[in-house]
Amino acid sequence: INPRAPYVICPRSFKPRTLIASLQGNRYNTPNYQWQINDGNGWTNIYGANQDRYIHSNGNVGFYKYRYLLANTQSNLLNQNCRVLSEENFIEIKKPILSFIDSLICREDSIFFGNRNISTPGIYSDTFISKNGCDSIVFLTLSKRPIKFGFFDSLICPNDFIVFNNKKINAEGI
């Protein structure tokens, strides 16, 4: 099967791929082909795929293994003793790499994610290109530290004060 090397494809760059039967010599005057696929449960004929080439047009993530049967007549394709099997080839469409990040920031902070600063809590996603050229999708869950409230009592003597939040306090109140 040409090309001889398997296809390993990222979904983003998928386009239909053509597999071509490699027939050498003139042993078959009227070559008949039957392309097959193995999805992990054994080989099955691909309906209508009986030319010297097959176009894989399925862009879904998966591992697709192909071969073809070759015989001189259509009836010989049905007879295991009168046909030959090609070598196998495959097309693998890789799934994106998913990453999840939880980030907790202070009230007045922001975080740089993708190409923007984010300060509002929520779930964000961005797509990057991984080192093998396929998509890497990162999900960020951004949370803010809760505001802490507290109360305290302080007893001060006449003419004394306390400093709270950079202010002098010398009287009752909040």
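Scroll up a little and you will see the structure.
Cut-offs and rules
- Each chain has its residues counted from 1, following the order in which its sequence is written.
- For this predicted model, a pLDDT threshold of at least 70 governs which residues receive local features, and a threshold of 80 or more governs which side-chain atom pairs are given and counted, while totals over whole chains, interfaces and linings are taken from all residues.
- Only hydrogens and water are set aside when side-chain values are computed; all heavy atoms of the structure are taken into account.
- The criterion for strand pairing is that DSSP finds at least two bridges linking the strands in question.
- Strands are runs of DSSP state E lasting at least 2 residues, helices are runs of H or I lasting at least 4, and numbering of each runs from the N terminus.
- Lines fitted to C-alpha atoms define the axes, with helix axes restricted to the stretch in contact, and inter-axis angles between N-to-C directions lie between 0 and 180 degrees.
- For every residue, the accessible area (1.4 Å probe, protein chains only) is compared with the maximum for its type, and the residue is labelled buried under 20%, exposed over 50%, or partly exposed between those bounds.
- Distance and chemistry together define a polar contact, namely a pair of N or O atoms within 3.5 Å, with one atom able to donate a hydrogen and the other to accept it when in protein, and with adjacent residues in sequence counting only for side-chain atoms on both sides.
- By definition in these notes, contact holds between two residues if any of their heavy atoms fall within 4.5 Å.
- Two rings from Phe, Tyr or Trp (for Trp, the six-membered ring) form a pair when their centres sit within 6.5 Å of each other. Planes less than 30 degrees apart are called stacked, planes more than 60 degrees apart edge-to-face, and all others tilted.
- Note on definitions: salt bridges are taken to be side-chain nitrogens of Lys or Arg within 4 Å of carboxyl oxygens of Asp or Glu.
- In plain words, nonpolar cores are sets of buried Ala, Val, Leu, Ile, Met, Phe, Trp, Tyr and Cys residues tied together by side-chain atoms within 4.5 Å.
- By convention in this document, the label disulfide applies to cysteine sulfur atom pairs within 2.5 Å.

Engineer: Just checking my understanding: could you explain the sheet that holds strand β9 (residues 97-105) for this structure?
Structural biologist: What links the strands of a sheet is backbone hydrogen bonding, and the strands pair in either a parallel or an antiparallel sense. Taking strand neighbours across the sheet as the criterion, the three strands line up as β9-β13-β12 in an open arrangement whose pairing is mixed. A single partner strand is all that each edge strand has here, and the edge strands are β9 and β12 (122-129). On average, adjacent strands in this sheet sit at an angle of 20° to one another, irrespective of strand direction. Bridging between β9 and strand β13 (residues 135-144) involves nine bridges; their strand directions are parallel.

Engineer: Even after reading the chapter, I still don't get the side chain of Asn 38, so can you show me in this structure?
Structural biologist: Structurally, Asn 38 can be placed in strand β3 (residues 32-38). Judged by relative accessible area, which is 13%, Asn 38 ranks as buried. A polar atom in the side chain of Asn 38 sits 3.4 Å from the backbone nitrogen of Gly 42. Excluding residues within four positions of it along the chain, Asn 38 makes contact with Trp 43 and Lys 65.

Engineer: Explain the packing of aromatic side chains to me, please; I cannot follow it from the model alone.
Structural biologist: The geometry of an aromatic ring pair comes down to the distance between the two centres and the angle between the two planes. The full count for this structure, using the stated rule, is seven aromatic pairs. Between the aromatic rings of Tyr 54 and Tyr 66, the centroid separation amounts to 5.3 Å while the plane-to-plane angle is 45°, which identifies the pairing as tilted. Pair noted here: Tyr 54 is in strand β5 (residues 53-56) and Tyr 66 is in strand β6 (residues 62-71), with a separation of 12 residues, a long-range link. Taken as a pair, Tyr 54 and Tyr 66 share a single burial class, namely buried.

Engineer: Is there a simple way to think about the pattern of salt bridges in this case?
Structural biologist: If the charged atoms of two oppositely charged side chains come close together, the side chains can form a pair. Under the counting rule described, the total for this entry stands at three salt bridges. Close ionic contact of Arg 53 with Asp 52 constitutes a salt bridge, the shortest N to O distance being 3.3 Å. For the salt bridge of Lys 94 with Glu 92, the shortest nitrogen-to-oxygen distance reads 3.7 Å. Owing to a relative accessible area of 23%, Glu 92 belongs among the partly exposed residues under this scheme.

Engineer: Help me understand the side chain of Gln 36, please; the structure alone is not making it clear to me.
Structural biologist: Within the element layout of this structure, Gln 36 appears in strand β3. Here Gln 36 is in contact with Trp 43, Thr 44, Asn 45, Ile 46, Lys 65, Tyr 66, Arg 67 and Leu 69, once residues within four sequence places are set aside.

Engineer: Sorry if this is basic, but what is going on with the environment of Ser 99 here?
Structural biologist: Mapped onto the elements of the fold, Ser 99 is located in strand β9. Expressed as a C-alpha distance, the spacing of Ser 99 and Ile 137, which sit 38 residues apart in the sequence, is 6.3 Å. Other than its neighbours up to four places away in sequence, Ser 99 contacts Ile 137, Val 138 and Phe 139.

Engineer: What should I look at first to understand the nonpolar core in this one?
Structural biologist: Counting 17 residues, the largest nonpolar core has Leu 19, Trp 35, Ile 46, Tyr 54, Tyr 66, Tyr 68 and Ile 91 as its most contacted members. Elements with a contribution of two residues or more to this core: β1 (7-9), β3, β6 and β8 (89-93). Top contributing element to this core by residue count: β6, with four residues. Here Tyr 54 is in contact with Arg 17, Thr 18, Leu 19, Trp 35, Ile 46, Ala 49 and Tyr 66, once residues within four sequence places are set aside.

Engineer: In this structure, what is going on with the state of the cysteines? I would like to understand it.
Structural biologist: In a disulfide, the sulfur atoms of two cysteines are covalently bonded to one another. Evaluated as defined, the whole model comprises one disulfide. A sulfur-sulfur distance of 1.9 Å marks the disulfide that ties Cys 10 to Cys 134. When the S-S torsion is -80°, as for the bridge of Cys 10 with Cys 134, the disulfide is left-handed. Here Cys 134 lies in the loop between β12 and β13 and Cys 10 lies in the loop between β1 and β2 (17-20), a separation of 124 residues in the sequence. Using a relative accessible area of 10% as the deciding quantity, one classes Cys 10 as buried. The class of Cys 134 is buried, set by a relative accessible area of 3%.

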